[in-house]
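# Close look at the chain arrangement
Next come the chains, spelled out residue by residue.
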Amino acid sequence: MGNDFLRLGWDVTANKSSKLSTGAKALTLACTMLSGIGIAHAQDATAQQGQPTGQQPAAQSQPSAPATPGQAAPQQAIPLVPQEQERVIKSLRVEGSQRIEPATILSYTKLRVGETYTNATVDQAIKDLLASDFLADVSISGVETGDLVIHIKENPVINRVILEGNKRLKDDKITKEIKLAPRQIFTRTAVRADVARIIELYRRQGRFAATVDPQMVKLDQNRVDVIFEIHEGPKSKVRQINIIGNEKFSDDKLRGEMATKQARWFRIFSSNTSYDQDRMAYDQQKMRQFYLTQGYADFRVTSAVAELTPDKRDFIITYVVEEGDRYKFGDVSVDSGIRDFDDKKLAQALPFKKGDWYNAKQVEDAVDQLSQTAGFAGYAFADVRPEFQPDRENHTMDVTFNIAEAKRTYVERINITGNTQTKDKVIRREMRVAEGDAFNSFLIKRSEDRINSLGYFQDKFEIDRKQGSSDDRIDLNANVEEKSTGELSLSAGFSSLERFLVQAAIRQRNFRGMGQDAHAQVNYSSYSKSAELGFTEPYLFDKPIALGATIFRRDYNSFNYIGQNRNTTYSQVQTGFQISTGLPLTEYWTLSGRYSLSVDDVTLDKNSFYKDSNGDGTLDTCDPLKAGRYLCDAIGNRLTSLLGASLIYSSLNSNLRPTKGTRFVAGVDFAGLGGDVRYLRGRLNASKYWNVGSGFIFSLSGEGGYIHSLEGSRGPGVDPVRITDRFYLGEPQFRGFDIRGVGPRIQRVPYTGTVASGTQALVTDRKQIIDDALGGKAYYLGKAELEIPLGSGAQELGLRPSIFVQVGALFGITRPQLNTAYTQATDSNGVPLNNADGSPSFLPPRLTASDGSPLFYNSYQNDAGDTLTRLTTCSAGYSDTAGGTCTGSEANTAAFSNSTIYYERFLGDSARPRISVGIGTDWNSPFGPLRIDIAKAILTQPGDDTKLFTFNVGRQF
């Protein structure tokens, strides 16, 4: 096997001339020379006879007699071009063929045994064979004798096509575009074409410096390996965009209107800095659109040139423009051929008037407005065409909107296609028009929004409109593309709320293709466990009445932080069911109702929060000193019977991912139809979405709620609304704050040092402070958010970043009674003492006997003379038994517990706003939906817990 490299630039030689004998060549040369001499001699003789040069004498049939003396000799006719000799092919064979049959070779020529041939015939045969692309060299011998032998050298067969150096374009992207492939015939033409194709692929990627060096490795059996050595080069950027001729607007302003951007360091992640010829044409159109919106109706781009820099790395684009004069609107009128329309009223409703600066975008909007108005009135095929009459002297533009005569249109057929699982009736019941109804474009758009909101089909579904059987009939075609509506997941994740968690869920949002929702779900984490089973029928008995039921069990552990450790405070186990229903009142208003019955069991860890109240060694009573009065009050088992209703308004274009529209929900819940809990709770929730253009979605949302107890007083310092029924605010709904990080709370702040040493002070390290959120009876929360569009690649990954600002507060509970177990230290005069930081100076709690008698330290000496201390109930002297007779008169020292002293304080119960700003993104990651937020709380209240970074993966949020 040879390693001989042949480059594309080398010529593969082919002998295209026949092998003529030396004698034949001499004869041909002699005939040519004689012909020239004869022509010259004839011209001289003619001139001597007075005939014009070039005119030939008549041919003589007999030889002329010898010339007599004094008389010119007669001239004989000499042929000007000798006739090519014709021969007969005696035999014909092919030599040098390896893969190609001789008969195949002969089929490409006109040579046949027994037929005549000439040199021209032989030359043409060689040309025909070379044109077949099968052969590298062809020659023909035996031309003189008629025994023709065609000598051929076949083109090699391609063994492999190898790509080297390609990193930005994978092999599969290139191989499907080139023609060369294994087992095909190698030709230089195909190689050149493939090189050009590969370079074109790289140019589409913006790599204009890419080069391709083809090589060929000869193998045995006339085979070759074709190697394309690719030098990709850097991606060609747009180094500079120059604009010449602009006077009214700066270069930066015009560049800002373009899709192409100049390559700068801060655009390292932008794909619009690469050169694209199609984008360049788009930018010219964008410039023209911009000028037309500013009133420059005569604007045009006279020249657009993209020059590659000498190093072939970047482009410099230059536009030459003519701005022209600025125009104002002249007379604006509507000429309608539809009799139902009032031309003057239509003209008055247009978004511009005479004297306004001309704006082409407003003209387009006016056309859409008039078409929509016609569609509302049932004219589906109304043709609205603006007619422009410029006045170049006064710089005004008269615009007349011509509405062609049309017939009122009716829906003839509604065709639904593409649904393989979903029943037709599920789609048809979302249609706001029916067959036979008058056409209404508004109702068609509403139908599209409702079908999109189902979530059963691919996004951007639209209803196609086609001419019906007559010009006043229209067919509506709903060609849907179904997507998966079933979800089966078994996932593990990590949440900043619940740490490690596991979820198993199965859900079908289009059960049996009937639009029913069935789901079952189990969640498990260190701090919460739940199981839920539910089913919803959206159209009960084919009526627009929704009915659903859910049964659940939820085990939730409330917690707080001590340093880096999160500690459970109380456990709440809730078991019950809920039945819900919904009834549409109008197109946009819906009334929903619900009833739930649940049992709540709230408990505390006895080893951590209970004490022995009877002295029998049994922990039987919640200790306020350990748990706090607020937690002791929450303990219990109670039944909640709740009836609720909500009034809902929604004009969103999608319930899953809205881009425009409004949603408003007002709900009220009443607990007290039996059971142990009685309260009234109300909530309001509203949101508004705007599509602000270029893919940006802006939204405003707000919510608030209040709960009022219908029970009597539960004691001083105890709020009648139980801690488990209150509102809570923080992560994840209020980003920038920790879980339950906003609102009323009690903090237990430990002391350092001792009273005796004079070093007692409250700790300042937040990690050492026990923080228990109490919830609130009232709250509000508002949010403004702007969703930022990304490139197509990021959209395919499911990335949806946004920036936001939030404001909210939680407040309104009864001030709890704080722990008073500690005694404030006093001086010798009985005046209370305070520490250097202003906090009260507390003594540790007194040690007591089983009967509650205070204990004292009694000092004594043992037999060895050592001074020891012992506990006694005697304030002076000593008694071996509690309450016994005290012996001695020496005063004893009061005995105090060596437990950590802490100071309880109540914070956060304020309606003053908390504000946070931040950025976040949703990502449909391979591990499940992921939400990441970086939010900074810029306005807080005392006691609030803030958090800068939060994320949640592995669960829906």
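Residues numbered from 1 in each chain as written. Predicted model: local features only at pLDDT ≥ 70, side-chain atom pairs only at ≥ 80, totals over all residues. Heavy atoms only, no water.

## Here's the deal with the overall build of the protein
Which entries qualify depends on this criterion: Where helices and strands are cited, they refer to DSSP runs of H or I of at least four residues and of E of at least two residues respectively, numbered from the N terminus. We call a residue buried when its accessible area falls under 20% of the maximum for its residue type, exposed when it is over 50%, and partly exposed in between, using a 1.4 Å probe and counting protein chains only. By definition, residues are in contact when any of their heavy atoms lie within 4.5 Å. Throughout, the Shrake-Rupley method with a 1.4 Å probe supplies accessible areas, and for residues the shown protein chains are the sole cover considered.
Per the secondary structure count, the protein includes 15 helices and 47 strands. Out of the 957 residues in the protein, the part that is buried amounts to 38%. Nonlocal contacts in the protein, meaning residues at least 24 apart in sequence, comprise 60% of its contacts between residues at least 6 apart. For the protein, the exposed area adds up to about 52400 Å²; of that, 52% sits on carbon and sulfur atoms.

## Quick notes on the pattern of salt bridges
The condition that has to hold: Salt-bridge detection follows one rule: a side-chain nitrogen of Lys or Arg within 4 Å of a carboxyl oxygen of Asp or Glu.
Summed over the entire model, instances satisfying the criterion amount to 40 salt bridges. Of the charged contacts in the structure, one is a salt bridge between Lys354 and Asp331, with a shortest N-O distance of 3.1 Å. Note that Lys354 is positioned in the loop between helix 8 (343-348) and helix 9 (360-376) and Asp331 in strand 13 (residues 328-336), a separation of 23 residues in sequence. Shared partners join several salt bridges into a network, and the residues in it are Glu430, Arg432, Arg446, Arg450 and Glu587.

## With respect to the sheet that holds strand 16 (residues 410-417)
We apply this condition: At least two DSSP bridges between two strands are needed for those strands to be called paired. Axis lines are fitted to C-alpha atoms, over the contacting stretch for helices. Their N-to-C directions set the angle, which ranges from 0 to 180 degrees.
Pairing is mixed across the open sheet formed by three strands, whose spatial order is 16-18-17. Looking along the sheet, the strands with just one partner apiece sit at the ends: strand 16 and strand 17 (464-467). Going from strand to strand, the sheet's axes swing by 25 degrees on average, the running direction of each strand aside.

## Structural notes on the sheet that holds strand 6 (residues 147-154)
Read across the sheet, three strands follow the order 3-6-5 without closing on themselves; strand pairing throughout is mixed. Edge positions in the sheet fall to strand 3 (91-95) and strand 5 (135-141), since each has one partner strand and no second. Taken pair by pair, the neighbouring strands of this sheet meet at an average axis angle of 15 degrees, ignoring direction. Examined bridge by bridge, strand 5 and strand 6 share six bridges and lie antiparallel to one another. Bridge pairing in strand 6 links Asp137 to Lys153.

## Considering the packing of aromatic side chains
Here is the rule: What counts as a ring pair is set by centres within 6.5 Å for rings of Phe, Tyr and Trp (its six-membered ring), and what kind of pair is set by the plane angle: stacked under 30 degrees, edge-to-face over 60, tilted for all other angles.
According to the stated counting rule, one finds 26 aromatic pairs in the structure shown. Ring plane angle 70 degrees and centroid distance 4.8 Å describe the contact between Phe249 and Phe290, whose orientation is recorded as edge-to-face. With Phe249 in the loop between strand 10 (237-244) and helix 6 (251-257) and Phe290 in helix 7 (residues 277-293), this residue pair connects regions lying 41 residues apart in the sequence. With relative accessibility at 18%, the residue Phe249 sits in the buried group.

## With respect to the nonpolar core
For the record, the criterion: What we call a nonpolar core is a set of buried Ala, Val, Leu, Ile, Met, Phe, Trp, Tyr and Cys residues that are connected through their side-chain atoms within 4.5 Å.
Membership of the largest hydrophobic core comes to 25 residues, with the highest contact counts inside it found for Val334, Phe341, Tyr358, Phe401 and Ile403. Of all the secondary-structure elements, those providing two or more residues to this core are strand 13, helix 8, helix 9 and strand 15 (396-403). In terms of residues, this core owes the most to one element, helix 9, which gives six residues. The next biggest cluster of nonpolar side chains, apart from the first, holds 20 residues, and it includes Ile158, Leu163, Met216 and Val224.

## With respect to the state of the cysteines
The condition that has to hold: Disulfide assignment relies on a single distance test, namely cysteine sulfur atoms paired within 2.5 Å.
Scanning all chains against the criterion turns up two disulfides. Bridging Cys622 to Cys632, the disulfide has an S-S length of 1.9 Å. Disulfide Cys622-Cys632: torsion about the S-S bond near -75 degrees, hence left-handed. Residue Cys622 is found in strand 27 (residues 621-622), and its partner Cys632 is found in helix 14 (residues 629-634); the two are separated by ten residues along the sequence. A single burial state applies to Cys622 and to Cys632, both of which are buried. When the cysteines of the protein that form disulfides are numbered from the N-terminus onward, they connect as 1-2, 3-4.

## Details of helix 3 (residues 119-130)
Operational definition: To estimate the expected span of a helix, count its residues, drop one, and scale the result by 1.5 Å. Note: the arc covers the axis-to-C-beta directions of the helix.
An ideal rise of 1.5 Å per residue puts 16 Å on twelve residues; helix 3 measures up with 17 Å between its terminal C-alpha atoms. Where helix 3 is concerned, the buried positions are Val122, Ala125, Ile126, Leu129 and Leu130. Burial along helix 3 is one-sided: seen end-on, the buried residues are contained in an arc of 130 degrees.

## Re the side chain of Arg207
Just so we agree on the cut-off: In this count, Lys and Arg are taken as positive residues and Asp and Glu as negative ones, while His and the chain termini are left out.
Among the structural elements, Arg207 can be located in the loop between helix 5 (188-204) and strand 8 (211-219). At 5.7 Å, Glu232 is the nearest oppositely charged side chain to Arg207, a buried residue that forms no salt bridge. Those residues in contact with Arg207 that lie beyond four places of it in its chain are Arg168, Tyr202, Glu232, Gly233, Pro234, Lys235 and Ser236.

## A few points about empty space enclosed by the protein
Put simply, the rule reads: Both cavities and pockets are sets of points on a 1 Å grid over the protein atoms alone; in a cavity a 1.4 Å probe fits but cannot get out, in a pocket the set is open with protein on both sides within 12 Å along at least five of seven lines, and lining residues sit with an atom within 4 Å of a point. Grid points are joined across faces, edges and corners, and a volume is the space filled by probe spheres set on the points. Under the scheme applied, nonpolar residues are Ala, Val, Leu, Ile, Met, Phe, Trp, Tyr, Cys and Pro; charged residues are Asp, Glu, Lys and Arg; polar residues are all the others, including Gly.
Summed over the entire model, instances satisfying the criterion amount to one cavity of 30 Å³ or more. Reported here for the largest cavity is a volume of approximately 40 Å³. Lining the largest cavity are Val677, Arg678, Tyr679, Ser709, Glu711, Pro720, Val721, Arg722 and Asp725. A class-by-class count of the residues in the lining of the largest cavity yields four nonpolar, one polar and four charged.

## Side note on a nonpolar patch on the surface
To keep it simple, the criterion reads: Patch criteria: residues need more than 30% relative accessible area and no salt bridge. Like-charged residues are merged within 9 Å; nonpolar side chains of Val, Leu, Ile, Met, Phe, Trp and Tyr are merged within 5 Å.
Residues Ile545, Leu583, Leu585, Trp589, Leu591 and Leu647 make up a contiguous nonpolar surface patch of roughly 470 Å² in combined accessible area. With respect to the helices, strands and loops of the structure, Leu647 is situated in strand 28 (residues 636-650).

## Considering the confidence of the model for the protein
Put simply, the test is: Scored between 0 and 100, pLDDT is the confidence that the predictor attaches to each residue.
For the protein, the mean per-residue pLDDT works out to 81, and 85% of the residues sit at or above 70. Ranking the helices and strands of the protein by mean pLDDT puts strand 35 (residues 778-787) first, with 96, and strand 1 (residues 5-7) last, with 35. Predicted confidence is poor over residues 1-81, with pLDDT under 50, and the contacts of this stretch with residues over four places away or in other chains come to 74 contacts.

## Things to note about helix 11 (residues 441-454)
Worth spelling out the cut-off: Polar contacts, as counted here, are pairs of nitrogen or oxygen atoms within 3.5 Å of one another; within protein the pair requires one atom able to donate a hydrogen and one able to accept it, and residues that are adjacent in sequence qualify only if both atoms are side-chain atoms.
An ideal rise of 1.5 Å per residue puts 20 Å on 14 residues; helix 11 measures up with 20 Å between its terminal C-alpha atoms. Taking burial as the measure, the 14 residues of helix 11 include ten buried ones, the bulk of the element. All of the buried residues in helix 11 are Ser441, Ile444, Arg446, Ser447, Glu448, Asp449, Ile451, Asn452, Ser453 and Leu454. With a side-chain oxygen positioned 2.9 Å from the backbone nitrogen of Phe442, the residue opening helix 11 is Asn440. Phi turns positive, to about 80 degrees, at Gly455, one or two residues after helix 11.

## Some words on unusual backbone geometry
Here Glu731 and Pro732 are connected by a cis peptide whose omega angle stands at 5 degrees. Following the sequence through the fold, Pro732 ends up in the loop between strand 31 (696-709) and strand 32 (745-752). Of note in this structure, Arg183 is not a glycine but carries a positive phi near 75 degrees. One can find Arg183 in the loop between helix 4 (171-175) and helix 5.

## Concerning the environment of Lys425
Tracing the backbone through its elements, the reader meets Lys425 in helix 10 (residues 424-428). Among all residues touching Lys425, those that are not within four sequence positions of it are Met514 and Asp542. In this structure the side chain of Lys425 is engaged in a polar contact, spanning 3.1 Å, whose partner is the side chain of Asp542.

## Quick word on the side chain of Ser141
Its location among the elements puts Ser141 in strand 5. Relative accessible area serves as the criterion here: at 15%, Ser141 is assigned to the buried category.

## A short note on the environment of Phe842
Examined against the element boundaries, Phe842 turns out to sit in strand 38 (residues 842-843). With a relative accessible area of 13%, Phe842 lands in the buried category. A sequence separation of 60 residues divides Phe842 from Tyr902, and the C-alpha atoms of the two residues are 8.4 Å apart. Discounting chain neighbours no more than four positions away, the residues touching Phe842 are Tyr751, Val755, Gln760, Tyr822, Thr823, Gln824, Ala825, Ile901, Tyr902 and Tyr903.

## Section: the pairing of strand 17
Relative to strand 18 (residues 473-479), strand 17 is paired through four bridges, and the arrangement is antiparallel. Bridge pairing in strand 18 places Asp464 opposite Asn477. Turn length for the strand 17-strand 18 hairpin, with the two strands adjacent in sequence and antiparallel, is five residues.

## Let's talk about the environment of Arg912
Structurally, the position occupied by Arg912 is in the loop between strand 44 (902-907) and strand 45 (914-925). Put simply, Arg912 and Val807 are 105 residues apart on the chain and 9.8 Å apart in space, counted from C-alpha to C-alpha. Excluding residues within four positions of it along the chain, Arg912 makes contact with Tyr780, Gly808, Ala809 and Gln941.

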